[in-house]
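Inside the fold
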Amino acid sequence: MTIRTGPATTAFLSDSWLATTAGRLPAPDPLPRSTVAFRLTLTDPPSGITAATDVLVGLEGGRLGMTRAGGEAPGLLITLPYAAAYDLLLGPARARVEVLERGDVTVVGNFSLLFFVDAALERDREGHVAALRDGTAVPPGAVRAPDARAGRDGGRGTAAAAPPADTEAVARAAEALPRTVRELRREVGGSTPGAQFYVSLGGKTLADAGLGMARPGVAMTADSAPLWYCCAKPLLSVALGRLWERGDFDPYLPVAHYLPEFGTGGKAAITSMELLTHTAPVPTGEDPLHGVVGAPDEVRLRRAFGAVVEPRPPGAPAGINYSQWWAWFVLAQLLPVLDGRDYADYAEEEILRPCRMDRTRVYLTPDDYDAYGDRLPLIHVSNLGDTPQPGYFWSTRGATTRCIPGVNTRGPLSNLGRLLEMLLAGGAAPGGRVLSPTTVAALTGRHRTGLRDRYGNADWGFGVRLECRSLGPEFTSFSRHTSPRAFGHDGLWTATAFADPQTHLTVAVHLNGKVEHERHRERIFRITDAVHQDLGLV
């Protein structure tokens, strides 16, 4: 369906634009699970432009409804310049995510909803975005989208045939893990365009392969370097664990003990352990780096250290406040103070090399991006079962070449598996010992207990997730068959990686198709349960 408003163009977000250009389009149905509501507030509204607009995006068809802001504010608030607002709603795919790299955007609320908004706008099933582009003047500084007839991003990367996939590697994996490969194939081409997986038992590799597509025209193979997302968080945990073991770091001291400039705005008492266990008094939706997570370092440092926090009242119980990026960004600033090297250099020299994680990059150099940036796996998002749409979150030059600790580390999942295998081995690695067995026990022990949230999170270790199935099926972390000693992490609705000391099993799975929380848990558990069934570990 294509809707045209005519050749005339009107100023974006002006009263006449809201009434005519946007107002002529049928509004999306305001159903909670099929729409996302947010408020755009402009920091520099030109004369005649509405300063605050309420936006409703239909996830299934991409319908857009926009009105002058009024009444109770929705749960997602975005404050940004005028040109950035155009890019976010009507710009091309890259420009939408590059809004988060500018350094002058603030987001409050459920940031993860932006993934699904991006996919709906890119899919544009009902032609609303195309119609609005036709009838809207592009503000100065905004990015004009290419003609839809040229294809996504001007047609680049959509027509090339994919090279051969990991045929032999997949065949070997299917021989060792037939149910597992069957479950992966069930998802590839449906909820996800591609998958990469790694499985070892007792240190012996049983599967290391890729299936499907990494991005349009590029196959997913065992050598692909997908985004680890939050599965990268244990890497910083290991780095801080080494310093703890050496006696240079005490996670129970306030962060401000090491970084005095952090202790302003109610943050003086926040400890590293609170950050590592996601119990600091900073609600997830108010993460100080929302909106600038891919921005230059000086912007993120100013936001992270200058944040004003409402201190927890004395005696008040802690709560789970999961930090996608703020906590890990702050923790990474400890490394230069405690060791003299920055986080990336420390991780490379003290962890990646000993573990033989030679393809892992905490972040890419510009040369890395020039060499293979156009082959990096993209995160694709599926809205309500629709065709997964490729997006550029954490895959642009700006985002990949800036250190976003605990989020934008990339490498084959075999490398992630080696990190977990080192922990299973009590800290021993092929290139030398990384941690002592005592420190490994401290990292994988239960530092957060008695807390639960609606996403199935419960007990937590030193920056690592722990298996909590014993607390109820809704708190299963990795599989319905892992032991209570299993540890690892998830990557938001794309991945899981864990190791189980009881069975000496290591599993890492990445699906580059992001789906909603419940759907993702269901598919991941089918895959990880199949691993246990294939290996007789049930």
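Only a predicted model underlies this, so the values are computations on that prediction, with no experimental measurement involved.

Relative to each other, helix α7 (residues 178-187) and helix α19 (residues 517-534) sit at 160°, their axes nearing to 7 Å. Looking at the two axes, α7 sits roughly antiparallel to α19. The two elements α7 and α19 cross, and the hand of that crossing is left-handed. For the pair α7 and α19, the contacting residues are Pro178, Arg179, Thr180, Glu183, Leu184, Arg186 and Glu187 in the first and Arg519, Arg523, Arg526, Ile527, Ala530, Val531, Gln533 and Asp534 in the second. By residue class, the composition of the contact of α7 with α19 is five nonpolar, two polar and eight charged.

The side chains of a regular strand alternate, residue by residue, between the two faces of the sheet. Two strands pair when backbone bridges link them, and strand β3 (residues 52-58) and strand β4 (residues 64-68) are joined in this way by five bridges, in the antiparallel orientation. Counted as the bridge partner of Val55 is Met66 from β4.

The next thing to look at is the pairing of strand β9 (residues 204-215). Sheet analysis places strand β8 (residues 194-201) next to β9, joined by eight bridges and oriented antiparallel. Across the sheet, the residue bridging to Ser200 is Thr205, located in β9. Turn length for the β8-β9 hairpin, with the two strands adjacent in sequence and antiparallel, is two residues, and the turn residue Gly202 shows positive phi of about 60°. In this structure, β9 lies alongside strand β10 (residues 218-219), joined through two bridges in antiparallel fashion. Each residue of the ladder has a partner; that of Arg215, found in β10, is Val218. Counted between consecutive antiparallel strands, the loop separating β9 from β10 contains two residues, among which Gly217 sits at a positive phi close to 85°.

Another aspect to go through is the sheet that holds strand β2 (residues 35-42). The strand order β4-β3-β2-β5-β6 describes an open sheet built from five strands, whose pairing is mixed. A single partner strand is all that each edge strand has here, and the edge strands are β4 and β6 (106-108). The average undirected angle you get between the axes of adjacent strands in this sheet is 20°. In the packing of helix α2 (residues 82-90) onto the sheet, the strands contacted are β2, β3, β4 and β5 (77-80), and the crossing angle to β2 comes to about 160°. Helix α4 (residues 113-123) contacts β2, β3, β4 and β5 of the sheet and is inclined by roughly 70° relative to β3.

Our next topic: the sheet that holds β8. The strand order across the open sheet built from seven strands is β10-β9-β8-β16-β15-β14-β13, with neighbouring strands paired in antiparallel fashion. Either end of the sheet is taken by a strand with one partner, and the two such strands are β10 and β13 (465-466). Examined bridge by bridge, strand β14 (residues 487-491) and strand β15 (residues 495-500) share five bridges and lie antiparallel to one another. Of the residues in β15, the one forming a bridge with Gly488 is Phe498.

So, about the packing of helix α8 (residues 233-246) against helix α17 (residues 413-424). The geometry of α8 relative to α17 is characterised by a closest axis approach of 10 Å and an angle of 40° between their N-to-C directions. One finds that α8 runs oblique with respect to α17. The way α8 lies across α17 gives a crossing that is left-handed. On α17, the residues that touch Pro234, Leu235 and Val238 of α8 are Leu419, Met422 and Leu423. In terms of residue class, the contact of α8 with α17 is made up of six nonpolar, no polar and no charged.

Here Val538 shows up in the segment after α19. The exposure class of Val538 is exposed, given its relative accessible area of 65%. Expressed as a C-alpha distance, the spacing of Val538 and Leu334, which sit 204 residues apart in the sequence, is 42 Å. Apart from the residues within four sequence positions on either side, Val538 is in contact with His481, His532 and Gln533.

A few words on unusual backbone geometry. Phi is positive for Leu13, which is not a glycine, with a value near 65°. By the secondary structure assignment, Leu13 is in the loop between β1 (10-11) and α1 (15-21).

What follows concerns the pattern of salt bridges. Going through the model one piece at a time under the given rule, you end up with 31 salt bridges. The shortest N-O distance in the salt bridge between Arg96 and Glu122 comes to 2.7 Å. You can see Arg96 sitting in helix α3 (residues 93-98) and its partner Glu122 sitting in helix α4, a full 26 residues away along the chain. Assessed through its relative accessible area of 4%, Arg96 is described here as buried. With relative accessibility at 17%, the residue Glu122 sits in the buried group. A salt bridge links Glu183 to Arg526, with the nearest nitrogen and oxygen atoms 2.3 Å apart. In this pair, Glu183 sits in helix α7 while Arg526 sits in helix α19, placing the two residues 343 residues apart along the sequence.

With that settled, the discussion passes to the side chain of Ser436. By the secondary structure assignment, Ser436 is in the loop between α17 and α18 (437-443). Residues contacting Ser436, with those up to four places away along its chain left out, are Glu245 and Gly426.

This brings us to helix α6 (residues 167-176). Within α6, burial applies to Ala169, Val170 and Ala173. Viewed end-on, α6 has its buried residues packed into an arc of 95°, placing them on one side of the element. Counted as exposed and oriented over 90 degrees from the buried face of α6: Thr167, Glu168, Arg172 and Glu175. Packing partners of the buried residues in α6 comprise α7, β8 and β9.

What follows deals with the side chain of Thr482. Along the polypeptide, Thr482 turns up in the loop between β13 and β14. Engagement of the side chain of Thr482 in a polar contact is seen with the side chain of Glu467, the distance being 2.5 Å. Setting aside chain neighbours within four positions, we find Thr482 in contact with Glu467, Arg469, Phe498, Asp500 and His532.

To continue, consider the confidence of the model for the chain. The share of residues in the chain with pLDDT of 70 or more is 95%, and the mean pLDDT across the chain is 93. Every residue in residues 1-7 scores below 50 in pLDDT, and together they form 19 contacts with partners more than four places removed in sequence or on other chains. Per-residue pLDDT stays below 50 along residues 149-162; that stretch engages in 22 contacts with residues further than four places along the chain or on separate chains.

The rules behind the values
Residues numbered from 1 in each chain as written. Predicted model: local features only at pLDDT ≥ 70, side-chain atom pairs only at ≥ 80, totals over all residues. Heavy atoms only, no water. Axes fitted to C-alpha atoms, helices over the stretch in contact; angles between N-to-C directions. Helix = DSSP H or I, 4+ residues; strand = E, 2+ residues; numbered from the N terminus. Parallel < 35°, antiparallel > 145°, perpendicular 65-115°, else oblique. Left-handed = near helix turned anticlockwise from the far one by under 90°. Contact = heavy atoms within 4.5 Å. Nonpolar A, V, L, I, M, F, W, Y, C, P; charged D, E, K, R; others polar. Pairing = 2+ DSSP bridges. Buried < 20%, exposed > 50% of the residue type's maximum accessible area, 1.4 Å probe, protein only. Salt bridge = Lys/Arg side-chain N within 4 Å of Asp/Glu carboxyl O. Arc of directions from axis to C-beta. Polar contact = N/O pair within 3.5 Å; in protein donor to acceptor, adjacent residues only side chain to side chain. pLDDT = per-residue confidence, 0-100.

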